[in-house]
Amino acid sequence: MQKVSIEINGKKVSREIEDRTLLSTLLRDILSLTGTHIGCDTSQCGACVVHVDGKSVKSCTLFAADIHGSKVTTIEGLARNGKMHPMQEAFKKLHGLQCGFCTPGMVMSAVDLLKNKKNPSEQEIRDWLEGNICRCTGYQNIVAAVKEAASKM
């Protein structure tokens, strides 16, 4: 057991955890931030993507103890003052989701993309989201939502 302190969605959090606790487990099971989804436990699907120190990462691949002192943003932390993030708005407006299971990871990955590339092409969006699997949509509306958000951010 060890104590880990992380800033999550702007709030300092300290917990005593087992060394082998994954970040995804800390978020979902210990802190009840269930917007971070677990789809595969093998880092294949991308449903668990969050931001650690501003970069998108698959939370099922990180031990929480390894990011002691870091800042984490989850899908719950994107909205501000009750207003959805432009990426969330675009996914809603353009139907970039069906079942919604992959959506938090897609949104978090796409937000990171637009921090790095302000106006990505359709191919650049598809390449960036390659590590995020959606079994429902066929991706076209997801790509359209990212383009829409890029025009708003």
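Basis of the calculations
- Residues numbered from 1 in each chain as written.
- Predicted model: local features only at pLDDT ≥ 70, side-chain atom pairs only at ≥ 80, totals over all residues.
- Heavy atoms only, no water.
- Helix = DSSP H or I, 4+ residues; strand = E, 2+ residues; numbered from the N terminus.
- Rg over C-alpha atoms; globule rule 2.2 N^0.38 Å.
- Buried < 20%, exposed > 50% of the residue type's maximum accessible area, 1.4 Å probe, protein only.
- Contact = heavy atoms within 4.5 Å.
- Areas by Shrake-Rupley, 256 points an atom, 1.4 Å probe, with all protein chains shown as cover.
- Domains from an automatic or database assignment.
- Buried area = accessible area lost by both parts, 1.4 Å probe.
- Salt bridge = Lys/Arg side-chain N within 4 Å of Asp/Glu carboxyl O.
- Polar contact = N/O pair within 3.5 Å; in protein donor to acceptor, adjacent residues only side chain to side chain.
- Nonpolar A, V, L, I, M, F, W, Y, C, P; charged D, E, K, R; others polar.

Draft legend 1. Layout of the overall build of the protein chain. The secondary structure content of the protein chain amounts to 5 helices and 5 strands. The C-alpha atoms of the protein chain give a radius of gyration of 15 Å, which matches the 15 Å a tight globule of 153 residues would have. Expressed as a percentage of the 153 residues in the protein chain, the buried residues total 44%. Look at the contacts in the protein chain between residues 6 or more apart in sequence, and 57% of them connect residues 24 or more apart. Approximately 8100 Å² of the protein chain is accessible, and the part contributed by carbon and sulfur atoms is 48%.

Draft legend 2. Quick look at the domain arrangement of the protein chain. If you check the domain split of the protein chain, you get domain 1 (2-77) and domain 2 (86-152). Its C-alpha centre places domain 1 at a distance of 21 Å from the equivalent point of domain 2. Every contact between the two is made by 18 residues of domain 1 and, on the other side, 15 residues of domain 2. Together, the buried faces of domain 1 and domain 2 total about 1200 Å²; carbon and sulfur atoms form 57% of this surface. Considering only the side of domain 1, the residues that lose the most area to domain 2 are His-37, His-51 and Ile-75, jointly responsible for 39% of the buried surface there. Between domain 1 and domain 2 we count 0 salt bridges in total. For the pair domain 1 and domain 2, the number of links is 7 residue pairs in polar contact (both at pLDDT 80 or more). Of all the secondary-structure elements, those providing two or more residues to the side of domain 1 that touches domain 2 are strand 3 (49-52) and strand 4 (55-58). Of the residues belonging to the side of domain 1 that touches domain 2, the class tally is 6 nonpolar, 10 polar and 2 charged.

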